[in-house]
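For reference, the chains in residue letters:
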Number of protein chains: 2
Amino acid sequence: MRMKTIRKEEGPIAGRPVTNQRSLLLDIIRQANRHLDADELYRLAKKREPRISLATVYRNLKLFKELGLIAERKLGDTHSHYEIRGAADHHHLVCLGCGQVIEFESPFIAKATDKIKRENDFDVTSIQLKMEGYCSKCKKKMK
Amino acid sequence: MRMKTIRKEEGPIAGRPVTNQRSLLLDIIRQANRHLDADELYRLAKKREPRISLATVYRNLKLFKELGLIAERKLGDTHSHYEIRGAADHHHLVCLGCGQVIEFESPFIAKATDKIKRENDFDVTSIQLKMEGYCSKCKKKMK
DNA sequence: ATGAAAGATGCAAACATTTGAAAAATATTT
DNA sequence: AAATATTTTTCAAATGTTTGCATCTTTCAT
Ligand SMILES: [Zn+2]
Ligand SMILES: [Zn+2]
Ligand SMILES: [Zn+2]
Ligand SMILES: [Zn+2]
């Protein structure tokens, strides 16, 4: 129906058909620049593509994750959040008291990864690290 | 109905009523010594306490986790696994090719944790680290 | 441009987990 | 030991995520 001239090799969704749903979803995640959940993404996508289904959202989140384009985060809610994967991988510190999420990077994690790779002859493609505990404010409240 | 003389302060389930379901579940997890999922735990518990419900299993897994007795692991399946928390915390390396799970410990992770604690004045109570990738066998197959 | 093959989508159903509320068990007070 | 207060359990319903299958879309070869 529609005239599309995008070759599959050009886009970031390497080797896979480029559908409207796919580019739309990836576009929304890129623009968002924060931790989106599946339902937020679904509702945002519906505005531009009203017939899109939640299953498609989940299936593409899974695909984008496998392609290394996004990261899934389990931050403490009952559901997951997703964010774009940039140059430097970051990790999360979650306060069990107030729910605040602090993002951080750590050179020690890179060292640990190198060691693991060598010792196990393993090709590590992704690292998921979350630390939980209590922030300074919540620590004080608990006394 | 039943004569129980266990005082709540004695058991490991500090400050909480000690129910049959609770001690049974914790006992099974202790004995298992491997990564159990909620349904396996439920079926094992049913053998000794046929009226136990799956909701009780989930609610107690949540409690044990909060008390630091067990750890929840998301190893790549659609569902979680649980294991007892011993003296030394360990982490997981999951092969995306064959699904094998390698457990490891790392002093670098401890260093990273210390730094995070100091820099953010944060009291870290648990660390969840998973690395994904391809083991040596699966790497070779992919060539 | 057309047709065939491969792959994605939408829907509904299945699965995994959480939660409200009434009933039951445990703990505390008398 | 009985009465009361507190917490847990069960069941059922709700929420979050995955999956089978028929249909539609995209891609590839002509
Ligand atoms: Zn806090
Ligand atoms: Zn983040
Ligand atoms: Zn492997
Ligand atoms: Zn383990």
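For the structure itself, consult the block above.
Residues numbered from 1 in each chain as written. Chains lettered and ligands numbered in written order. Predicted model: local features only at pLDDT ≥ 70, side-chain atom pairs only at ≥ 80, totals over all residues. Heavy atoms only, no water.

Looking at the coordination of the zinc ion (ligand 3)
All names here are of chain B.
Next up, step 1: For the zinc ion (ligand 3), the full set of protein donor atoms is C95 (SG), C98 (SG), C135 (SG) and C138 (SG), at a range of 2.2 to 2.4 Å.
Next up, step 2: What the four donor atoms of the zinc ion (ligand 3) show is an angle range of 103 to 116° at the metal, which sorts the shape as tetrahedral.
Next up, step 3: Mapping the donors of the zinc ion (ligand 3) onto the primary sequence gives the spacing C-x2-C-x36-C-x2-C.
Next up, step 4: A relative accessible area of 5% places C135 in the buried class.
Next up, step 5: Among the residues examined, C138 registers a relative accessible area of 7% and is labelled buried. (Donors = N, O, S within 2.8 Å, 3.2 Å for Na, K, Ca; no water. Tetrahedral: all angles 85-135°; square planar, octahedral: opposite > 155°, others 65-115°. Buried < 20%, exposed > 50% of the residue type's maximum accessible area, 1.4 Å probe, protein only.)

What about the layout of surface pockets?
Residue and element names in this part refer to chain A.
Next up, step 1: Looking at the second largest pocket, its volume works out to about 210 Å³.
Next up, step 2: Taken together, 15 residues line the second largest pocket, and the ones lying closest to its centre are D89, H91, A110, T113 and I127.
Next up, step 3: Mapped onto the lining of the second largest pocket, the elements with two or more residues apiece are α4 (107-120) and β6 (123-134).
Next up, step 4: The element contributing the most residues to the lining of the second largest pocket is α4, with six residues.
Next up, step 5: Class assignment for the residues of the lining of the second largest pocket results in five nonpolar, five polar and five charged. (1 Å grid on protein atoms, 1.4 Å probe; cavity = no way out; pocket = protein on both sides within 12 Å on 5 of 7 lines; lining within 4 Å. Points joined across faces, edges and corners; volume = space filled by probe spheres on them. Helix = DSSP H or I, 4+ residues; strand = E, 2+ residues; numbered from the N terminus. Nonpolar A, V, L, I, M, F, W, Y, C, P; charged D, E, K, R; others polar.)

Let's talk about the sheet that holds strand β5 (residues 101-104) of chain A
Next up, step 1: The strand order β5(A)-β4(A)-β6(A)-β6(B)-β4(B)-β5(B) describes an open sheet built from six strands, whose pairing is mixed. Each edge of the open sheet is held by one strand with a lone partner, namely β5 of chain A together with β5 (101-104) of chain B. On average, each strand axis in the sheet is tilted by 20° relative to the strand beside it, whichever way the strands run.
Next up, step 2: Relative to β5 of chain A, strand β4 (residues 91-95) of chain A runs antiparallel, the two being bridged by four bridges. Across the sheet, residue H91 of chain A finds its bridge partner in β5 of chain A, namely F104 of chain A.
Next up, step 3: Across the sheet, α4 of chain A touches β4 and β6 of chain A together with β4 (91-95), β5 and β6 (123-134) of chain B, and the angle it forms with β6 of chain A is around 135°.
Next up, step 4: On the sheet, helix α4 (residues 107-120) of chain B packs against β4, β5 and β6 of chain A together with β4 and β6 of chain B and is oriented at approximately 135° with respect to β6 of chain B. (Pairing = 2+ DSSP bridges. Axes fitted to C-alpha atoms, helices over the stretch in contact; angles between N-to-C directions. Contact = heavy atoms within 4.5 Å.)

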